[in-house]
Amino acid sequence: MFKEEILEKKVGIIGLGKYLPEKRLTNKDIEKIVDTTDEWITERTGIKERRIAREDETTSDLAVNAAKRAIENAKLKPEDIGLIIVATITPDMFFPSTACIVQSKLNVNHIPAFDISVACSGFIYGIAIAEQFIKSGAYKHILVIAAEKMSSVTDWTDRSTCVLMGDGAGAAVLGEVEEGGILSIYLGADGSKGNLLEMPAGGSRLPASASTVEKRLHFLRMEGNILFKHAVKVMAEAALKATEPLGLKGDDINLVIPHQANIRILNAVAKRMGIDPEEKLYLNIDKYGNMSSASSAVALTEAVEQHRVKKGDTILLDAFGAGLTWGAIVIKW
Ligand code: ACO
């Protein structure tokens, strides 16, 4: 394909789907597990409840449910998909990848499938990868799934983290579009600060042992306070890097759909962007908490379902997470 053709090709989201486990865990329920209160959680985070997957429900199950809905929403069949990308930090197991398990459960064997580990920025990175593969002509339709069973890596004795996380999945089918589509993508990472949010054991550095289990090293650990400041800074920066090359200002964006980590982070980002959070910030953190990569995928799906995103709108996806990683995408709907 000639370079001009690649540049001219418009890639967009042509189908969306979500899946949330049935079980709701409210702040009042968590009051019975750790020393916390509904008031503290609501005020400090904006979260009222989160969904928790069944014990026998795996990340690939959540992913497949969201994927089926996204494929149907795109008016396609699983066999129309050319590539599967799953963004997750809570895979069913280390290997095979969750994407391969999803491929098998969707009965579309032989198409390529792989996982990406980008934590909360995973949906944005997945869309960025898919866009390039479609632009190059390698694949026509790509399924990007963001799925997490965060409850499986949550330390239910640590009140500073267990109140934050939830389970869920969102999926998007990407393909060529005639109008609009993805206008700009900005990705970033800072591996030197990876220790601020990590699951220390279970990998090659600290393989699973009785000692790692006893020390609770197979759970997520977070320096929330330091991360908070980074999150505000890099999410605002990412928004600027994605919008500035297009000559867009806060006013030109119809809706910002951010990763839902903390309502105070999002209000601070909106302030830096000069947008009215009431009008232009999509929030569903109260219902689901932080679902890592799945948060922005579910938020986008719900924003479209609720007609908060209309044809012709310019929207901004913006995320920040472990790695550290971050990214923003501008899409004309
Ligand atoms: N209930 C009651 N008190 C609590 C709780 C709780 N659940 N958790 C912490 N506290 C206490 C602390 O012990 C501390 O008490 P002290 O002052 O007596 O020491 C006090 O509340 C304040 O604690 P902070 O950590 O300073 O609280 P903060 O206002 O920073 O809120 C939070 C904590 C919600 C974690 C916030 O820092 C945050 O949201 N950080 C960013 C998270 C994030 O963006 N993560 C990245 C994405 S996630 C991913 O990639 C998977």
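Keep in mind that what you see is a predicted model, and the values were worked out from it rather than measured. (Residues numbered from 1 in each chain as written. Predicted model: local features only at pLDDT ≥ 70, side-chain atom pairs only at ≥ 80, totals over all residues. Heavy atoms only, no water.)

Where helix 9 (residues 224-243) meets helix 10 (residues 263-273), the closest approach of the two axes is 9 Å, and the angle between their N-to-C directions is 40°. Put simply, helix 9 runs oblique to helix 10. For the pair helix 9 and helix 10, the sense of crossing is right-handed. Together, Phe228, Ala231, Val232, Lys233, Met235, Ala236 and Ala239 of helix 9 and Arg264, Ile265, Leu266, Ala268, Val269, Arg272 and Met273 of helix 10 make up the contact between the two elements. Residues that form the contact of helix 9 with helix 10 fall into these classes: eleven nonpolar, no polar and three charged. (Axes fitted to C-alpha atoms, helices over the stretch in contact; angles between N-to-C directions. Helix = DSSP H or I, 4+ residues; strand = E, 2+ residues; numbered from the N terminus. Parallel < 35°, antiparallel > 145°, perpendicular 65-115°, else oblique. Left-handed = near helix turned anticlockwise from the far one by under 90°. Contact = heavy atoms within 4.5 Å. Nonpolar A, V, L, I, M, F, W, Y, C, P; charged D, E, K, R; others polar.)

It is worth spelling out the domain arrangement of the protein at this point. Taken domain by domain, the protein comprises domain 1 (3-178) and domain 2 (183-332). Using only C-alpha atoms to locate each centre, domain 1 and domain 2 end up separated by 14 Å. Each partner contributes to the interface: domain 1 provides 46 residues, whereas domain 2 provides 46 residues. Overall, the association of domain 1 and domain 2 removes approximately 3,600 Å² of surface from exposure, summing both partners, and the carbon and sulfur fraction of that is 67%. Per-residue buried area on domain 1 facing domain 2 is highest for Lys18, Cys120 and Ile124; these three make up 19% of the total on that side. Our count for the contact surface shared by domain 1 and domain 2 stands at three salt bridges. Scanning the region where domain 1 abuts domain 2 turns up 21 residue pairs in polar contact (both at pLDDT 80 or more). When residues of the side of domain 1 that touches domain 2 are traced back to their parent elements, those giving at least two are strand 1 (11-19), helix 3 (38-45), strand 3 (49-52), helix 6 (122-135), strand 6 (142-149) and strand 7 (167-176). (Domains from an automatic or database assignment. Buried area = accessible area lost by both parts, 1.4 Å probe. Salt bridge = Lys/Arg side-chain N within 4 Å of Asp/Glu carboxyl O. Polar contact = N/O pair within 3.5 Å; in protein donor to acceptor, adjacent residues only side chain to side chain.)

Now for the environment of Asn290. Mapped onto the secondary structure, Asn290 falls in the loop between helix 12 (285-288) and helix 13 (293-305). Within the structure, Asn290 has its side chain in polar contact with the side chain of His259 (distance 3.3 Å).

In this section: the site of the ligand. As a matter of local geometry, the ligand sits amid 26 residues, with Thr36, Arg44, Cys120, Asn225 and Asn262 nearest to it. Contact between the ligand and Trp40: a nitrogen atom at 3.4 Å from a side-chain N or O atom of the residue. Asn262 places a polar side-chain atom, nitrogen or oxygen, 2.7 Å from an oxygen atom of the ligand. Considered on its own, the ligand offers 1,000 Å² of accessible surface; in the complex 75% of this is hidden by protein. For the shell around the ligand, the secondary structure elements donating two or more residues are helix 3, helix 7 (159-162), helix 9, helix 10 and strand 12 (314-321). (Near = heavy atom within 4 Å. Areas by Shrake-Rupley, 256 points an atom, 1.4 Å probe, with all protein chains shown as cover.)

Inspection of the secondary structure puts Glu31 in helix 2 (residues 27-31). Residue classification places Glu31 among the partly exposed residues on the basis of a relative accessible area of 28%. Along the primary structure Glu31 and Arg159 are separated by 128 residues, whereas in three dimensions their C-alpha atoms are 9.6 Å apart. Sequence-distant contacts of Glu31, defined by excluding residues within four places in its chain, comprise Thr36, Thr37 and Asp38. (Buried < 20%, exposed > 50% of the residue type's maximum accessible area, 1.4 Å probe, protein only.)

Attention shifts here to the packing of aromatic side chains. Counted by the stated rule, this structure contains one aromatic pair. Taking 5.4 Å as the distance between ring centres and 70° as the angle between the ring planes, the aromatic pair formed by Phe133 and Tyr139 counts as edge-to-face. With relative accessibility at 30%, the residue Phe133 sits in the partly exposed group. For Tyr139, a relative accessible area of 25% gives the class partly exposed. (Phe/Tyr/Trp six-rings, centres within 6.5 Å; stacked < 30°, edge-to-face > 60°.)

Moving on: the sheet that holds strand 5 (residues 113-116). Pairing is mixed in the open sheet, where five strands are placed in the order 1-7-6-4-5. Because the sheet does not close on itself, it has two edges, and the strands there are strand 1 and strand 5. With direction set aside, neighbouring strand axes in the sheet form an average angle of 20°. Summarising the sheet, strand 6 and strand 7 pair through eight bridges and their orientation is antiparallel. Paired with Ala147 across the strands is Ala169, a residue of strand 7. (Pairing = 2+ DSSP bridges.)

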